[in-house]
Amino acid sequence: DTCSIQADTSVYQRLTGTALPYSQSSKTSLITTECVSCVEQEDPNRQAEAEANGEYYEEEINISEACTEMYEAAGKCETNLKSSSKYSEAVTDACSYIDGIKISRSNGVLDKSMAKGSKVATAFIVIFGVAFVGLAGFVYTLHKKIMDAKKAPLLD
């Protein structure tokens, strides 16, 4: 079953004696504010080895595989971003999803004042509604004719 009424956080505290983990009253966040570096860590001995061999060492900055994969998998809505080169296009695949998030409140209830109706969905609803009523009328007419035919035999 689904829950339709949000429970007060004090219920958990009364039952367990402790504040609800990661809630506002516990003052502990599930998400940290610390940044995680996406620069791939190189072997610290590499520079010492290069200098010992008399080679010039220039540290190459590489982006970690985890950050690259996370960026590629992330939804993007780059509608106001100009293409930086002829090889890249602005990606707008997640714009409708992000717009959908904007209409939901923090308590999970949808704010219908920001939602807009779909003309295509409305057209399909009307078409299926009219088809259903028409089919129901046709079935009723056939049923009535069959009942009348049973009452009046063909040969008298």
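Up top is the structure these notes are about.
Residues numbered from 1 in each chain as written. Predicted model: local features only at pLDDT ≥ 70, side-chain atom pairs only at ≥ 80, totals over all residues. Heavy atoms only, no water.

Caption draft 1: Main features of the overall build of the protein chain. When its secondary structure is counted, the protein chain shows five helices and zero strands. The order of helices and strands in the protein chain, counted from the N terminus, is α-α-α-α-α. In the protein chain, buried positions account for 6% of the 156 residues. Taking the intrachain contacts of the protein chain between residues at least 6 apart in sequence as the baseline, contacts between residues at least 24 apart amount to 11%. Carbon and sulfur atoms make up 59% of the accessible area of the protein chain, which totals about 14700 Å². (Helix = DSSP H or I, 4+ residues; strand = E, 2+ residues; numbered from the N terminus. Buried < 20%, exposed > 50% of the residue type's maximum accessible area, 1.4 Å probe, protein only. Contact = heavy atoms within 4.5 Å. Areas by Shrake-Rupley, 256 points an atom, 1.4 Å probe, with all protein chains shown as cover.)

Caption draft 2: Region of the structure containing a nonpolar patch on the surface. Side chains of Leu 135, Phe 138, Val 139 and Leu 142 sit close together on the surface and give an oily, nonpolar patch of about 390 Å² of accessible area. Within the element layout of this structure, Phe 138 appears in helix H5 (residues 119-151). (Patch = residues over 30% accessible without salt bridge, like charges linked within 9 Å, V, L, I, M, F, W, Y side chains within 5 Å. Salt bridge = Lys/Arg side-chain N within 4 Å of Asp/Glu carboxyl O.)

Caption draft 3: View of the side chain of Glu 78. With respect to the helices and strands, Glu 78 occurs in the loop between helix H3 (65-73) and helix H4 (95-102). Despite being buried, Glu 78 has no salt bridge partner; Lys 76 is the closest side chain of opposite charge, sitting 6.0 Å away. (Lys, Arg positive; Asp, Glu negative; His and termini not counted.)

Caption draft 4: Up close: a negative patch on the surface. Together, Glu 40, Glu 65, Glu 69 and Glu 72 make up a region of like negative charge exposed at the surface. Glu 72 gets classed as exposed once you look at its relative accessible area, which sits at 59%. (Charge placed at Lys NZ, Arg CZ, Asp CG, Glu CD.)

Caption draft 5: How the structure looks around the state of the cysteines. Under the criterion given, the structure shown has two disulfides. Across the disulfide from Cys 38 sits Cys 67; the S-S distance is 2.0 Å. Its torsion about the S-S bond being -80 degrees, the disulfide of Cys 38 and Cys 67 is classed as left-handed. Of this pair, Cys 38 sits in the loop between helix H1 (10-16) and helix H2 (45-52) while Cys 67 sits in helix H3, and the two are 29 residues apart along the sequence. For Cys 38, a relative accessible area of 30% gives the class partly exposed. When its relative accessible area of 14% is taken as the criterion, Cys 67 is described as buried. Covalently, Cys 77 is tied to Cys 95 through a disulfide, its sulfur atoms 2.1 Å apart. Here the disulfide of Cys 77 and Cys 95 is right-handed, its torsion about the S-S bond being about 100 degrees. Placement of Cys 77 in the loop between H3 and H4 and of Cys 95 in helix H4 is noted, with a sequence separation of 18 residues between them. When its relative accessible area of 34% is taken as the criterion, Cys 77 is described as partly exposed. (Disulfide = S-S within 2.5 Å.)

Caption draft 6: Looking closely at the side chain of Ser 64. In this structure, Ser 64 sits in the loop between H2 and H3. Once you skip the residues sitting within four places of it in the chain, Ser 64 turns out to touch Cys 38 and Glu 40.

Caption draft 7: Quick peek at the packing of aromatic side chains. Per the counting criterion, the structure on display carries one aromatic pair. Across from the ring centre of Tyr 71, 4.5 Å away, lies the NZ or CZ of Lys 76, which sits over that ring. (Phe/Tyr/Trp six-rings, centres within 6.5 Å; stacked < 30°, edge-to-face > 60°. Lys NZ or Arg CZ within 6 Å of the ring centre and 35° of its normal.)

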